[in-house]
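Geometric and topological summary
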Amino acid sequence: MTDAMDKIAGLAPDDPIYAARRLRPEFVEGAELCRVAVLHPANGHGIDTGLRLSLAYRMAVLNADQSLIRDYGDQLSEIGASEELMALARGATDLAEPLATIARHVDLVTLTPIDAAASDIARLQSAGLTNPQIVALSELIAFVNFQTRVASGLRLMRSA
């Protein structure tokens, strides 16, 4: 079965890289389970799927990953994301709170994670995010950036 990582990396079942991924099925399954858990969790802790997809799209743009941009864009279209969420996805910074603080945090951790500090978590708390929401946001940021790097690596392997 083709999973989301195969899809964004452009892998098909007849591709040797696709077969190589299946040598470690626990990694294939784990990445897919993680994707579902961060984008469509059973308990979203008040961070709904639309916001999660908007942030994922934003990170895909920051990482200049055209496949992920298309994929997350399609998902945003499917759910009929609001104009506010589409503005967030497209990189707007002049947003109402807590979206402005969330956007700043996503951009910071995606582009310059070394600059992230405890004060950035305090900013999220000051914007009204709860600890479970901050953890959920952190998981989303980590996963989408992981997804970008793995897909990029798989594409490079295909091109070799």
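First things first, this report covers the structure right here in the doc. Just so it is clear, the model here is predicted, and its values are computed rather than measured.

So, about the overall build of the protein. Looking only at helices and strands, the protein features nine helices and zero strands. Computed over its C-alpha atoms, the radius of gyration of the protein comes to 16 Å, within 12% of the 15 Å expected for a compact globule of 160 residues. Here the C-alpha coordinates of the protein stretch approximately 50 × 30 × 30 Å along the principal axes. Within the protein, the fraction of its 160 residues that count as buried is 45%.

Omega for the bond connecting Glu97 with Pro98 falls within 30 degrees of zero, at 5°, which places this linkage in the cis form. A positive phi angle is found at His45, which is not glycine, with a value near 55°. Within the secondary structure, His45 is located in the loop between α3 (25–39) and α4 (49–62). Positive phi is not limited to glycine here, since Ala64 has a value of about 55°.

This part is about the nonpolar core. For soluble globular proteins, the rule of thumb is that nonpolar side chains tend to be buried together. Counting residues in each nonpolar core, the largest one holds 44 residues, and the members touching the most others are Leu55, Tyr72, Leu88, Ile102 and Leu137. Elements with a contribution of two residues or more to this core: α1 (4–9), α2 (16–21), α3, α4, α5 (66–79), α6 (83–89), α7 (99–111) and α9 (131–159). Considering every element that reaches this core, the biggest residue donor is α9, with nine residues. Not counting residues within four places of it along the chain, the set of residues in contact with Leu137 comprises Ile47, Leu55, Ile102, His105, Val106, Leu124 and Leu129.

What follows is about the packing of aromatic side chains. For the structure on display, the rule yields one aromatic pair. For the pair Phe143 and Phe146, a centre-to-centre distance of 5.9 Å together with 50° between the ring planes defines the contact as tilted. Of this pair, Phe143 and Phe146 both sit in helix α9, three residues apart, which is roughly one turn of that helix. On the basis of relative accessible area, Phe143 is assigned to the buried category, the value being 3%. A relative accessible area of 39% means that Phe146 is categorised as partly exposed.

What follows deals with α5. Over its 14 residues, α5 runs 20 Å from end to end, which matches the ideal 20 Å to within 8%, given 1.5 Å per residue. Taken together, the buried positions of α5 are Ser67, Leu68, Ile69, Asp71, Tyr72, Gly73, Gln75 and Leu76. Where α5 begins, the capping side chain belongs to Asp65, and its oxygen is found 3.2 Å from the backbone nitrogen of Ser67. One or two steps after α5, the chain reaches Gly80, where phi turns positive at roughly 65°.

Once that is clear, we can look at the side chain of Arg35. Its place among the elements puts Arg35 in helix α3. A polar contact of 2.5 Å, which involves the side chain of Arg35, links it to the side chain of Glu32. What Arg35 contacts, discounting residues up to four positions off in sequence, is Ala4, His40, Phe143 and Gln147.

Quick look at the pattern of salt bridges now. Applying the stated criterion across every chain yields a total of 11 salt bridges. The residue Arg24 makes a salt bridge to Glu26 at a minimum N-O spacing of 2.7 Å. Overall, the relative accessible area of 43% leaves Arg24 in the partly exposed class. Connected through shared salt-bridge partners, Asp3, Asp6, Arg21 and Arg22 make up one network.

Definitions and cut-offs
Along every chain, residues carry numbers that run from 1 in the direction the sequence is written. In keeping with the predicted nature of the model, local features appear solely for residues at pLDDT of at least 70, side-chain atom pairs appear and are counted solely at 80 or more, and the whole-chain, interface and lining totals rest on all residues. Calculation of side-chain values draws on the structure's entire complement of heavy atoms; hydrogens and water are dropped beforehand. Working definition: helices are DSSP H or I runs of at least four residues, strands are E runs of at least two. Numbering for both runs from the N terminus. Computation of the radius of gyration draws on C-alpha atoms alone. For the globule rule, the value is 2.2 Å times the number of residues to the power 0.38. With a 1.4 Å probe rolled over the protein chains alone, any residue whose accessible area is under 20% of its type maximum counts as buried; one over 50% counts as exposed, and the rest are partly exposed. We define a nonpolar core as any set of buried Ala, Val, Leu, Ile, Met, Phe, Trp, Tyr and Cys residues linked to one another through side-chain atoms lying within 4.5 Å. A contact between two residues is defined here by any heavy atoms of the two lying within 4.5 Å. Side-chain rings of Phe, Tyr and Trp (the six-membered ring for Trp) are treated as a pair once their centres are within 6.5 Å; stacked means planes under 30 degrees apart, edge-to-face means over 60, and tilted covers the remaining angles. The length a helix should cover is 1.5 Å for every residue beyond the first. In protein, a polar contact requires one atom able to donate a hydrogen and another able to accept it; more generally it is a pair of N or O atoms within 3.5 Å, and residues adjacent in sequence count only if both atoms are side-chain atoms. Any carboxyl oxygen of Asp or Glu that lies within 4 Å of a side-chain nitrogen of Lys or Arg is treated as forming a salt bridge with it.

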